[in-house]
Structure formats: structure tokens, C-alpha cells
Amino acid sequence: MKKLSLLLFIALLLSPVCSASVAATHLEGSFKLGPAIILIIILVLFVLVGILFRAKDTTDFYAAGRGISRVGSGMAIASNWMSAASFLGMAALMYGSGYHGLAYVVGWTGGYVLLLILMAGQIRRYGKYTAADFIGDRYYSQGLRAVGAIIAIFISIAYCVGQFGGIGLMFKWVMGINYSAAVIIGGTVVLTYTLISGMLGVTKNMQIQYIIIIISFIIPLFILTAKFDYFWLLPQIGYGSVVSDVIAGLPVNETKELINSLGHDYAVVPSPEFAMPWDPPTGKTFFQWIAIAFSLMIGTAGLPHVIQRFYVVPKARDARWSVVWGLFFICILYWSAPAYAAFGKVLSAHPEVGTLAKDAIVVYTAQLGNVHPLIVGFLAAGGVSAAFSTVSGLLVAGSSAFAHDLYVRVINPEASPRKQLLYARLGTVLMAIIVTLIALQNFALIGQLVAVAFSLAGCTIFPLFLLGIWWSGSNKQGAIAGLITGGLVSLIAITYFIAGKSGVELPAHSFISYWLEAWYFAWIGAPLAILANIIVSKLSGPTPLEIRKFLIEQVHS
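Residues numbered from 1 in each chain as written. Predicted model: local features only at pLDDT ≥ 70, side-chain atom pairs only at ≥ 80, totals over all residues. Heavy atoms only, no water.

Asker: Just to check I follow, could you spell out the overall build of the protein chain for this structure?
Answerer: Of the regular secondary structure elements, the protein chain holds 22 helices and zero strands. Long-range contacts, defined here as pairs at least 24 residues apart, represent 83% of the contacts in the protein chain between residues at least 6 apart. Here the protein chain displays about 21,100 Å² of accessible surface, and carbon together with sulfur accounts for 69% of that area. (Helix = DSSP H or I, 4+ residues; strand = E, 2+ residues; numbered from the N terminus. Contact = heavy atoms within 4.5 Å. Areas by Shrake-Rupley, 256 points an atom, 1.4 Å probe, with all protein chains shown as cover.)

Next up, the structure:
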């Protein structure tokens, strides 16, 4: 009887969705009732899961009680990782720059291989809650702990900005409201359920969000490849023919029966540059491709919210397997994202389509391909889920750094668990406000904004973890030198980026902008930080015996 009641309830919810499906035909600028109802149902589900698995204490809030399974943690890692930058941003980058955008795919997936090989098990065996906790303990310095916490907060904020941008775009598309209002509404919802949930509820939500993300992302690809007569059984292979058609061009009227949703013929002029990794006439070079891929790889291995995921599993072996599962789940989406870029290139080629927001090209492609409006609405909800899953993890990581590493470990060690939880939630609110204000400026594409956080992590946290785990000779003085070096490179790159976006031209602007672009300055910042750490560590005193002994007996046992 209960099951029957549940089915009737779901049917009642879906009936207005079906009747309103036709309202989702406009590319943008109109309220889409069907997609809006789907989005609301999914958001209510997230909040309910957050309430059901809400954080009761600091262990739940920071580390999900350390009771998440390998596969569950892998799904959560994938969901946490597959942000708006993955769901929306990768296709946007490849739509705008073709093969050059694959540098982001290579960098982000390669970073997880680094994590698997170099850090996952060792981080879990070290047994600390947060990145700053590890830094403070490994380098025996409260000052470094505080600095690590501040850097973790900055990285979380930089990463969150792109996610709030993605949420804003999807809410704007669904509701027909302006971008600023969409960012504020979406940010408020994700903040609410993060405050309720903590890491435990967030992790449970991430598993659900992964299922929503993958299903919503894959189904339209099967429909598009089948409808336009490509190899639909495996769209990740079939889209290669679409790329060939983009390169060679499709003449008008060759396929009269195949048109986009606006009635335009399925045709495109030859675009050979779409398949070029670097093309100097378009401003893309070999150096930039390599620098982006390298910076994203090492940045992945230094992200606080990714590192923190290894603390939610019971054992170090589970941490390694959770990365394996996470990489598998991630690759399903990453293999598929280029297909949206290729189909989007063809379906939006007609001049009457006009200029489309690159970051929403995934949704526009499904719309232009005449995919059923409800499926397009579900796709948009998947984009929101991707942003929500990452934002919640980032907010928890940032608030943990604020409450656990700054307030409890540095300012007030006697704070009660209740007070710790209060400060964690206050930190979450403060971060969300800052991120919202920055996201409203709409500085760059989602993928590029996220890449800023990766480069910052690659220049600062990655060297400390790499040397801290694998070289017992790295000491406090070396860590300070490395942080100063990586921090200076980061400061220069980000300052020039913000100045350029604000219309201010600083000295040597063209030189710095090319060699230290905000998306890839870690290509030089990370090696210099590692080198500074090694040199200063060699010239100063040895690492304390108890730390070297702990590394040998516990971390590398």
C-alpha cells in the first residue's frame, strides 16, 4: 500500500511536468515550466537527504563519520569532481576552441592518476581531517597551519565562483530570469542544504547527484547520435564522425530531413582548425596546451576538497580504491563531453541562431537537436546537480579550514564541539556571500575560472603534500620558502588577470598574460616552489625525528 501511495504521489508530481513540456522550446528568455518542476523536485530531494543525514557532530560535518564505502566514496568523488566546469565548462571550451580544449580533459583526468599513485593511501594513513591539518602537523608549525587554512579558503572560493556561475546560467535558462537573480537564488539553495548536511549529508547527496549527472548527460547523446544518423550505440565513438564533418564541412541541403529545432538545415562550413591542438592564428600555442594540462594535473592533487574526501573512508586501502572507482565514474562523463561540443558546432552554425553563451552549450545543443523538452530540462537539472555537488564539498572544505584549522587549532583550542559546529556554519555562510559577489562579475568561462583554483593549489598545497609525504627531509623552513615562492607567482598571475579584466594595463602585461595566464601559471610556480623547498630544507636543520619516524612506520608502512 505504501509503494502504491508513493507511485501515485510521483504520478501527481509528474503530471504537470508532462503537460508543461512544450514550454521549454525557446533557447532562452522564457520561463520553462516542465524543466522548472524537474529542477524543484531534484532540489527538494537534495534538501531532504541533507536533513535525513544531517551532521550531528564535528566528525559528521568534517569527515562523514569515516564510514563511507569504496564505491560510495568513488561516486561521491566523481560527483564532487564533476563540477559545472566538467558538465558545462569542458564542452564550452571545446566548442569555442576545438581540440585545444582537450587540454582540460587530459589535465583533470591525469590529476586523478597522480592522486592514486602519489597520495590517496598515504593521506588517509596520515589521519588528518583537512589539508591545513596535515600541513600544520607535518611541518610542526601553527603558523603554517593558519596559512594553509587561509590558502584552502582562497582555493575553495576561487573554485566556487565558477560553480555559482554555472548555477546562475542554468537557473537563468530554466526560469527566464536575469543572471544576477539566478546566481543569488541558486547560491541560497545550495548554502541551505550544505549548512544542514555537513560532510555526511553532502556525501550521501553526492552519490545521488552522480546518478542524476550521468543519466542526464548520456541520454541526450544517444538521442542526438541516433537522430542525426551517427553510431548511436556508443556515442563516445560515434561523435568522431561529427568532428570529421565539422572539419570537412557539410553542404546545405545535403540532408534535408535533418534540421535543428529552429528549422535550419544541418550544415556547416569547413573548420579544419577545430581539430588542431594549437593554432597560432587563433592564439592557441603548443606551450599553452602543455601548460594547461600540467597545471591542472598537479592542481588536482592539491585541491583541499578532493584531498578531504580520503578521510571519509574507513581505511587507506579504501582510499586508493575510492580513487579508482572515482576515476572510472569520472571518465564516463569526460569521454562524452566532446560530443556536445561537436554537435553544438554543427547545430548552431546557422547565422540565425545568433551568439550562444558557450557555458550553456550543452543545454543549447540538446535543444537545437530537437530533444524532448523534458529531457533537456533534466539535462539542465544535471548541470545544477554537478555545480551543487562540488559547491557543497568546497563549502565544507572551506568552512572546515576556517572552524577546525583556524579557530579551534590556532585561536581557541578549548572550543566545545557545539561551538566548532557553529563557527563551521558561520564560515560556510561567509564564504557563500563572498563567492556570490565575485560570481556576479562574470569574469570568464566556467572552466577558466575553475582552472585559476587549480593553478593556485598546484603552486601552494601540492608541493607541501608531495614533499611532505615522500621526502622526510622537507622541514618547516623549506615549507615556508616554498609557500612564499608559489604564493608570489600566484599573486602576480592573479593580479594581472584581475587588472586585465578591469581594463587596467600593468607593465609587461602581454608578456605576463601569456607566460603566467591565470589558467596555467602553476607550470612554473609549482616547480619553483618545490625547488625552493628542497634548497632551503637542505640548508637548514633536519626534520624532527618523531615526524620522520611517523612517516616511515605509519604513512609508508
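Asker: Would you explain the packing of aromatic side chains in this entry?
Answerer: When we look at a pair of aromatic rings, we describe it by the centre distance and by the angle of the planes. Throughout the structure, instances matching the rule amount to 24 aromatic pairs. Note on tyrosine 230 and phenylalanine 343: the rings are 5.8 Å apart at their centroids and 80° apart in plane angle, and the pair reads as edge-to-face. In this pair, tyrosine 230 sits in the loop between helix H9 (179–227) and helix H10 (235–248) while phenylalanine 343 sits in helix H14 (residues 337–347), placing the two residues 113 residues apart along the sequence. We classify tyrosine 230 as buried; its relative accessible area is 12%. (Phe/Tyr/Trp six-rings, centres within 6.5 Å; stacked < 30°, edge-to-face > 60°. Buried < 20%, exposed > 50% of the residue type's maximum accessible area, 1.4 Å probe, protein only.)

Asker: Honestly, the packing of helix H8 (residues 142–175) against helix H17 (residues 417–439) in this entry has me stumped. Any pointers?
Answerer: The geometry of a pair of packed helices is captured by two quantities: the angle between their axes and the separation between those axes. Close contact between H8 and H17 brings their axes to 8 Å; oriented N to C, the two are set at 60°. In this view, H8 runs oblique relative to H17, as classed from their interaxial angle. Considering the relative orientation of H8 and H17, their crossing is right-handed. Contacts between H8 and H17 involve Ser156, Ile157, Cys160, Val161, Phe164 and Gly165 on the former and, on the latter, Met431, Ala432, Ile434, Val435, Thr436, Ile438 and Ala439. Here the residues of the contact of H8 with H17 are counted per class, giving ten nonpolar, three polar and no charged. (Axes fitted to C-alpha atoms, helices over the stretch in contact; angles between N-to-C directions. Parallel < 35°, antiparallel > 145°, perpendicular 65-115°, else oblique. Left-handed = near helix turned anticlockwise from the far one by under 90°. Nonpolar A, V, L, I, M, F, W, Y, C, P; charged D, E, K, R; others polar.)

Asker: Can you walk me through the packing of helix H6 (residues 102–126) against helix H22 (residues 545–555) in this structure?
Answerer: For the pair H6 and H22, interaxial distance at closest approach is 10 Å and the crossing angle is 115°. Put simply, H6 runs roughly perpendicular to H22. Here H6 runs over H22; the crossing is right-handed. Residues Gln122, Arg125 and Tyr126 of H6 touch H22, and the partners they reach there are Phe550, Leu551, Gln554 and Val555. Across the contact of H6 with H22, the residue classes break down as four nonpolar, two polar and one charged.

Asker: Even after reading the chapter, I still don't get helix H7 (residues 131–138), so can you show me in this structure?
Answerer: Residues spaced three or four apart along an α-helix point in a common direction, a consequence of the helix completing one turn every 3.6 residues. Burial analysis of H7 places seven of its eight residues in the buried class, which makes it a mostly covered element. Every buried residue of H7 is listed here: Ala131, Ala132, Asp133, Phe134, Ile135, Gly136 and Arg138. For H7, the elements touching its buried residues are H6, H8, helix H12 (304–307), helix H16 (373–411), helix H18 (446–470) and H22. The positive-phi residue at the C-terminal boundary of H7 is tyrosine 140, with phi of around 40°.

Asker: Help me understand the pattern of salt bridges in this model?
Answerer: When the charged atoms of two side chains with opposite charge come close together, those side chains can pair. This structure, assessed with the given rule, holds one salt bridge. Among the ionic pairs, aspartate 133 bridges to arginine 145, the shortest N-O distance being 2.5 Å. Of this pair, aspartate 133 sits in helix H7 while arginine 145 sits in helix H8, and the two are twelve residues apart along the sequence. The exposure class assigned to aspartate 133 is buried, which follows from its relative accessible area of 3%. Under the relative-accessibility criterion, arginine 145 is labelled buried at 4%. (Salt bridge = Lys/Arg side-chain N within 4 Å of Asp/Glu carboxyl O.)

Asker: I tried to follow a nonpolar patch on the surface on my own but got confused; where do I start?
Answerer: Together, Phe222, Phe231, Trp232, Leu233, Leu234 and Ile237 give the surface a local cluster of nonpolar side chains, amounting to about 600 Å² of exposed area. Position of leucine 234 relative to the elements: it lies in the loop between H9 and H10. (Patch = residues over 30% accessible without salt bridge, like charges linked within 9 Å, V, L, I, M, F, W, Y side chains within 5 Å.)

Asker: Looking at this structure, how should I read the environment of glutamine 142?
Answerer: For glutamine 142, the location among the structural elements is in helix H8. Each C-alpha atom, one on glutamine 142 and one on valine 410, is 6.5 Å from the other, the two residues being 268 residues apart in sequence. In this structure glutamine 142 touches Arg409 and Val410, once residues within four positions along its chain are discounted. Separated by 2.7 Å, the side chains of glutamine 142 and arginine 145 make a polar contact. (Polar contact = N/O pair within 3.5 Å; in protein donor to acceptor, adjacent residues only side chain to side chain.)

Asker: Honestly, the confidence of the model for the protein chain in this entry has me stumped. Any pointers?
Answerer: In low-pLDDT regions, the fine details of the predicted coordinates are not to be read closely. Scored by pLDDT, the protein chain has a mean of 82; 86% of the residues are at 70 or more. Of all the helices and strands in the protein chain, helix H1 (residues 2–19) carries the lowest mean pLDDT, 40, while helix H21 (residues 522–539) carries the highest, 97. When the criterion is pLDDT under 50, residues 1–25 qualifies, and its contacts beyond four places in sequence or with other chains add up to 21 contacts. Contacts from residues 59–67, a stretch scored under 50 in pLDDT, to residues over four places away or in other chains number 44 contacts. (pLDDT = per-residue confidence, 0-100.)

Asker: Please explain the side chain of lysine 32 as it appears in this structure.
Answerer: By the element assignment, lysine 32 lies in the loop between H1 and helix H2 (33–52). A distance of 2.9 Å separates a polar side-chain atom of lysine 32 from the backbone oxygen of tryptophan 173.

Asker: Any chance you could explain unusual backbone geometry here in plain terms?
Answerer: Glycine aside, residues mostly have negative phi angles, and peptide bonds mostly take the trans form. The phi dihedral of aspartate 229 is positive, around 65°, even though this residue is not glycine. Within the fold, aspartate 229 resides in the loop between H9 and H10. For aspartate 229, a relative accessible area of 66% gives the class exposed. Despite not being glycine, asparagine 370 shows a phi value in the positive range, around 60°. In this fold, asparagine 370 is placed in the loop between helix H15 (361–368) and H16. Given a relative accessible area of 47%, asparagine 370 falls into the partly exposed group.

Asker: Which parts of the structure should I look at to understand the side chain of serine 385?
Answerer: Here serine 385 is to be found in helix H16. With residues near it in sequence (within four places) discarded, serine 385 still touches Ile42, Phe46, Gln209, Ile212 and Ile213.

Asker: Please explain the environment of leucine 144 as it appears in this structure.
Answerer: The topology assignment puts leucine 144 in helix H8. Each C-alpha atom, one on leucine 144 and one on alanine 479, is 8.2 Å from the other, the two residues being 335 residues apart in sequence. Once residues lying within four places of it in the same chain are set aside, the contact partners of leucine 144 are Ile135, Tyr139, Lys476, Ala479, Ile480 and Leu483.

Asker: How do you make sense of H22 when you look at a structure like this?
Answerer: Along H22, the residues that are buried comprise Ile547, Leu551 and Val555. On an axial view of H22, the arc spanned by its buried residues comes to 45°, and they lie on one face. Counted as exposed and oriented over 90 degrees from the buried face of H22: Leu545, Glu546 and Ile552. Elements that come into contact with the buried residues of H22 comprise H6, H7 and H18. (Arc of directions from axis to C-beta.)

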